[in-house]
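# Fold and contact review
Here are the chains, one letter per residue:
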Amino acid sequence: MTATDPLILGAGGFLALLLLLALRVPIAVALAAIGSFGFIAMAGLAPYLAFVKGGVFEVASNYSFSVIPLFLLMGNLAAGSGLARRLFEGMNALVGHRSGGLAMAAVGSCAAFGTICGSSLATAATMARVALPQMRRLGYSGALSTGSLAAGGALGILVPPSVPLVVYALLTEQNVAKLFLAAFLPAALAILGFFVAIRVTVALDPASAPRAPRGTARSRLAAVADIWPVVAIFLVVFVGMNGDFFFGRSLFSPTEGAAIGALSTGIAAATAGRMRLKGLIFALEQTALQSAMIFLILIGAEIYNAFLARTRLPDEIAAVIVGAGIAPVLVVVAIVALYILLGCLMDSLSMILLTVPVFFPVVMGLDFGLGREETAIWFGILVLIVVELGLIHPPVGLNIYVIQGFARDVTMAETMRGVVPFLLAEFVRVALIIAFPAIALALIR
Amino acid sequence: MGGAGENGADGEAVDPGAAALAPDAADRLVERVALAAALAGSGLLLLAIAVSAVSIVGRSLPELAGLLGLDWRPHPLPGDTEIVQLATGVAVFACLPYCQVRRGHVIVDILTRHLPLRARSTLDLVANLLVVAFAAVMTAELSVGAAERQAYGASTMVLRLPEADAYRLAALASGLLAVAALYTCWRSVREIRSGHPVAVLDGGAATEP
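What comes next concerns the included structure. What you see is a predicted model, and the numbers here were worked out from it, not measured in a lab. (Residues numbered from 1 in each chain as written. Chains lettered and ligands numbered in written order. Predicted model: local features only at pLDDT ≥ 70, side-chain atom pairs only at ≥ 80, totals over all residues. Heavy atoms only, no water.)

## A few points about the overall build of chain A
Inclusion rule: Labels follow the DSSP assignment, with helices taken as runs of H or I lasting at least four residues and strands as runs of E lasting at least two, numbered in each case from the N terminus. With the radius of gyration taken over C-alpha atoms, the globule rule is written as 2.2 Å times the number of residues to the power 0.38. Note on classification: 1.4 Å probe, protein chains only; a residue is buried when its accessible area is under 20% of the maximum for its type, exposed when over 50%, partly exposed between these limits. Contact criterion: two residues are considered in contact whenever any of their non-hydrogen atoms come within 4.5 Å of each other. Computed with the Shrake-Rupley method and a 1.4 Å probe, the accessible areas treat only the protein chains shown as cover for residues.
A count of helices and strands for chain A gives 24 helices and zero strands. A compact globule built from 445 residues should have a C-alpha radius of gyration of about 22 Å, and chain A, at 22 Å, falls within 12% of that. Considering only C-alpha atoms, chain A reaches an extent of 80 × 45 × 45 Å along its principal axes. Going through the 445 residues of chain A one by one, you find that 61% of them count as buried. Taking the contacts inside chain A whose residues are at least 6 apart along the sequence as the reference set, 78% of them involve residues at least 24 apart. Summing over all exposed atoms, chain A offers an accessible surface of approximately 15,400 Å²; the carbon and sulfur share of this is 69%.

Here's what the structure looks like:
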């Protein structure tokens, strides 16, 4: 074989993958199919079968991956727990009476719900059920109501726990707990940006958000106090997982943290939310569907990425880009732009699995004046934010569709218009994090 | 309350004109069996949770006792990570058939969502055949893996859990995935023939994380 053969095979495989995706083949299946053909073409049948024999169960039983189904279960228990209503009431008591307050309460409670739920769609759906009727009843415009919830829901994957962040950590061999810690300030920045977006929207169009009455101090205090189970669960999981940050040594692994989180969310659901067997079974069923969906993609990606690595295509691409002497920041901006385009086609997890093996070596080969680990973590946070953007921008924008499913009286055009201010806030945030990596790195330094 | 799935969040376009065919007895049977496997699988997650919780509590007890001035050192649960690994490994495979039956996989349908049902079902048939093939390869290789591990008595480091058993269960679940995928091929054929979608038990699909 000549030296170019594997590269052509790698590029051809990628094109074939895109073709299969366009033809409705599930992402997991397309990855497994192309990966299998490519692997066999390069290495032969016997090594491929040996790889499947050892590899597929290995993916599912990898202790670091065990965190994923546990986080999913935690999120599904949270969704059925009734804690979402408490959160919204509590946030409402804090900021509801202010200008645009209900929308801010929706964003805030989405972020808080994200601390016990690693899924953006579940966060958007759960909070929409609670917050949307209240905003509409008070006379909030359709665009602001749905826009704030779609954007707020996207915080579900940014606020730890986050399944895509776990996958990034595993692909790039980074520390999951550190990535979670690093996501913290950027998430706070997102909330701030969304608040500004709400305020500006309301200032431009005061009719879009009538002022809500302010409750008595006593009732407001009671509503805020009622969110304690969420705070408690978050503190146990987050502090326990980041033990070395808080008191010098880790209390438990991310997987154990997820187990404790699921257990305590289940207890909260059963006591505060009166979840019964039926609710538990529904949560288990949803967890089964989501786990299967994610792990089949992980298995497919394992095979595809084994093939891709053998073609050395990622290394060659990295070498070309690094050797071209382009300013590192420009490369990152180009990657971010590409992610935003890809977000028009794909879900966040598939994007991460497809692109990180290619982009990560590129970024690691460039000099940003950061250490290796810092570069990896900063890039991970950046990737997470831009893949999350795909949830709230047309045409795929799954969050938009989720919210739309609850807001029958709001047109799609209104919702699309409603997310624009939030998208602008997000672009500002991405620019800030590119310009100041310290936003992502301050807590882990 | 629950995930976003039941609200059509999967982006799957439904032909408003074409009424779904009601599931028949065979549809129900496949769905029930796959659901049972999925619930057994996610039940294993509960086991993993219990084991982790006991382990964490167990190893913090000496410290808690120390705070009270007691010297109490109960044995921590050893090898909890091994149970968690094997349990989640088997659990994941047990969930795969149900996802296949419920059309739960992530697809990119931006180019094809406006095609007529027959065209979409034809493409789905191709995808389902690919799942049959891949599930068959996994079943065969996991069975070989189980036999090999049986032969040299592979077991986990601490608890000496037999890995062959975990592989056997995963192979069994992969086999079930192959059967479920064959069934979805047949379902696609029925949709192509009749021009009507075949409804799954309660509609909807899983959603992305």
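Resuming the write-up.
## Thoughts on the overall build of chain B
Regarding its fold elements, chain B presents four helices and zero strands. Among the 209 residues that make up chain B, the fraction classed as buried is 49%. Summing over all exposed atoms, chain B offers an accessible surface of approximately 9,400 Å²; the carbon and sulfur share of this is 69%.

## Quick look at helix α5 (residues 83-95) of chain A
Residue and element names in this part refer to chain A. Spelled out, the test is: Here a helix's expected span is defined as the number of its residues, less one, multiplied by 1.5 Å.
For α5, which comprises 13 residues, the first-to-last C-alpha distance of 18 Å matches the rise-based estimate of 18 Å (1.5 Å per residue) to within 8%. Turning to α5, its buried residues are Leu83, Ala84, Leu87, Phe88, Gly90, Met91, Asn92, Ala93 and Val95. Structurally, α5 contributes buried residues whose contacts are with α6 (101-114), α7 (120-137), α13 (217-225), α14 (228-241) and α16 (254-271).

## Focus on the packing of α6(A) against α7(A)
All names here are of chain A. Put simply, the rule is: Axis angles are defined between N-to-C directions and span 0 to 180 degrees, where every axis is a line fitted to C-alpha atoms and, for a helix, only to the segment in contact. For this classification, under 35 degrees means roughly parallel, over 145 means roughly antiparallel, 65 to 115 means roughly perpendicular, and everything else is oblique. Here a crossing is called left-handed whenever its near helix is offset anticlockwise from the far helix by less than a right angle, and right-handed whenever the offset is clockwise.
Orientation of α6 relative to α7, taken along the N-to-C sense of each, is 155°, at an axis distance of 10 Å. In terms of orientation, α6 and α7 fall into the roughly antiparallel class. As α6 packs across α7, the resulting crossing turns out to be right-handed. Note on element contacts: α7 touches α6 through Ala122, Thr123, Thr126, Met127, Ala131, Gln134 and Met135, opposite Leu102, Ala103, Ala106, Ser109, Cys110, Phe113 and Gly114.

## With respect to the pattern of salt bridges
Condition: For this document, the term salt bridge refers to a Lys or Arg side-chain nitrogen within 4 Å of an Asp or Glu carboxyl oxygen.
Enumeration according to the criterion identifies 15 salt bridges over all chains in this entry. A salt bridge links A:Arg24 to B:Asp124, with the nearest nitrogen and oxygen atoms 3.1 Å apart. Here the residue A:Arg24 occupies a position in the loop between α1 (4-22) and α2 (27-43), and B:Asp124 occupies one in helix α3 (residues 117-151), the pair thus bridging two chains. Exposure remark for B:Asp124: the relative accessible area of 16% places this residue in the buried category. Through salt bridges with shared partners, one network takes in A:Glu388, A:Glu426 and A:Arg429.

## Notes on the interface of chain A and chain B
Counted only if it meets this: Two parts placed together each lose some accessible area under a 1.4 Å probe, and the buried area is that loss summed for both. Any N or O atom pair separated by 3.5 Å or less is treated as a polar contact, with the protein-specific requirement of one donor-capable and one acceptor-capable atom, and with residues adjacent in sequence counted only for side-chain atom pairs.
The interface of chain A with chain B comprises 76 residues on the first partner and 67 residues on the second. A buried area of about 6,500 Å², summed over both sides, lies between chain A and chain B, and 73% of it is on carbon and sulfur atoms. Per-residue buried area on chain A facing chain B is highest for A:Arg24, A:Lys53 and A:Phe57; these three make up 15% of the total on that side. Linking chain A to chain B there are three salt bridges. One can count nine residue pairs in polar contact (both at pLDDT 80 or more) joining chain A with chain B. Among the elements that take part in the side of chain A that touches chain B, helix α17 (residues 277-311) of chain A stands out by supplying 17 residues, more than any other.

## Some thoughts on empty space enclosed by the protein
All names here are of chain A. Our working rule: Two kinds of site are reported from a 1 Å grid over the protein atoms alone, namely cavities, where a 1.4 Å probe fits but cannot get out, and pockets, open sets with protein on both sides within 12 Å along at least five of seven lines, and residues are called lining when an atom falls within 4 Å of a point. Grid points are joined across faces, edges and corners, and a volume is the space filled by probe spheres set on the points. Under the convention adopted here, Pro, Cys and the residues Ala, Val, Leu, Ile, Met, Phe, Trp and Tyr are nonpolar, Asp, Glu, Lys and Arg are charged, and Gly plus all remaining residues are polar.
Scanning all chains against the criterion turns up five cavities of 30 Å³ or more. Estimates place the volume of the second largest cavity at around 60 Å³. Taken together, Phe71, Leu72, Gly75, Asn76, Cys117, Gly118, Ser119, Ala122, Val163 and Gln290 make up the full set of residues lining the second largest cavity. Counting residues per element, the lining of the second largest cavity draws most heavily on helix α4 (residues 67-79), at four residues. Tallied by class, residues from the lining of the second largest cavity come to five nonpolar, five polar and no charged.

## Re the packing of aromatic side chains
Note the following rule: We call Phe, Tyr and Trp rings a pair once their centres come within 6.5 Å, taking the six-membered ring for Trp, and we label the pair stacked below 30 degrees between planes, edge-to-face above 60, and tilted otherwise.
According to the stated counting rule, one finds 14 aromatic pairs over all chains in the structure shown. Between A:Phe57 and B:Tyr167, the aromatic rings sit 4.7 Å apart at their centres with planes inclined by 45°, giving tilted as the arrangement. Remark: B:Tyr167 occurs in helix α4 (residues 163-194) and A:Phe57 occurs in helix α3 (residues 45-61); the pair is interchain, linking two chains. Residue classification places A:Phe57 among the buried positions, given a relative accessible area of 2%.

## Points about the environment of A:Ile260
Mapped onto the secondary structure, A:Ile260 falls in helix α16. For the pair A:Ile260 and A:Pro394, spaced 134 residues apart in the sequence, the C-alpha separation amounts to 37 Å. Residues in contact with A:Ile260, not counting those within four places in the same chain, are A:Val236, B:Ala53 and B:Ile56.

## Brief notes about unusual backbone geometry
Despite not being glycine, A:Arg24 has its phi angle at roughly 70°, a positive value. Given a relative accessible area of 2%, A:Arg24 falls into the buried group.

## Digging into the nonpolar core
We count it as follows: Take the buried residues of types Ala, Val, Leu, Ile, Met, Phe, Trp, Tyr and Cys, join any two whose side-chain atoms come within 4.5 Å, and each joined set is a nonpolar core.
Ranked by internal contacts, the top residues of the largest apolar core, which has 216 residues, are A:Phe57, A:Ile68, A:Leu149, A:Leu298, A:Tyr339, A:Trp378 and B:Phe93. With 18 residues, the top contributor of residues to this core is α17(A). Beyond its immediate sequence surroundings of up to four residues, A:Phe57 is in contact with B:Leu86, B:Gly89, B:Val90, B:Phe93, B:Leu142, B:Ala166, B:Tyr167 and B:Ala170.

## Description of helix α8 (residues 142-153) of chain A
Note that an α-helix has 3.6 residues per turn; residues three or four places apart therefore point the same way. All names here are of chain A. Taking 1.5 Å of rise per residue, the 12 residues of α8 would be expected to cover 16 Å, and the 16 Å separating its terminal C-alpha atoms lies within 8% of that figure. The buried count for α8 comes to 12 of 12 residues, which makes it a mostly enclosed element. Those residues of α8 lying buried are Gly142, Ala143, Leu144, Ser145, Thr146, Gly147, Ser148, Leu149, Ala150, Ala151, Gly152 and Gly153. Buried-residue contacts for α8 involve α6, α7, α9 (155-158), α12 (184-204), α22 (398-406) and α23 (412-435).

## Concerning a nonpolar patch on the surface
This is how it is decided: Only residues whose relative accessible area exceeds 30% and that form no salt bridge are eligible for patches; like-charged ones are grouped when within 9 Å, while nonpolar side chains (Val, Leu, Ile, Met, Phe, Trp, Tyr) are grouped when within 5 Å.
Taken together, the side chains of B:Leu64, B:Leu67, B:Leu68, B:Leu70 and B:Trp72 define a hydrophobic patch exposed on the protein surface, amounting to about 620 Å² of accessible area. Topologically, B:Leu68 is positioned in the loop between α1 (25-67) and α2 (80-101).

## Looking at the environment of B:Val101
Residue and element names in this part refer to chain B. Looking at where Val101 falls in the secondary structure, it is placed in helix α2. Along the backbone, Val101 and Val200 are 99 residues apart, and their C-alpha atoms lie at a distance of 7.7 Å. For Val101, the residues in contact, after removing those within four places along its chain, are Val30, Glu31, Ala34, Ala180, Tyr183, Thr184, Arg187 and Val200.

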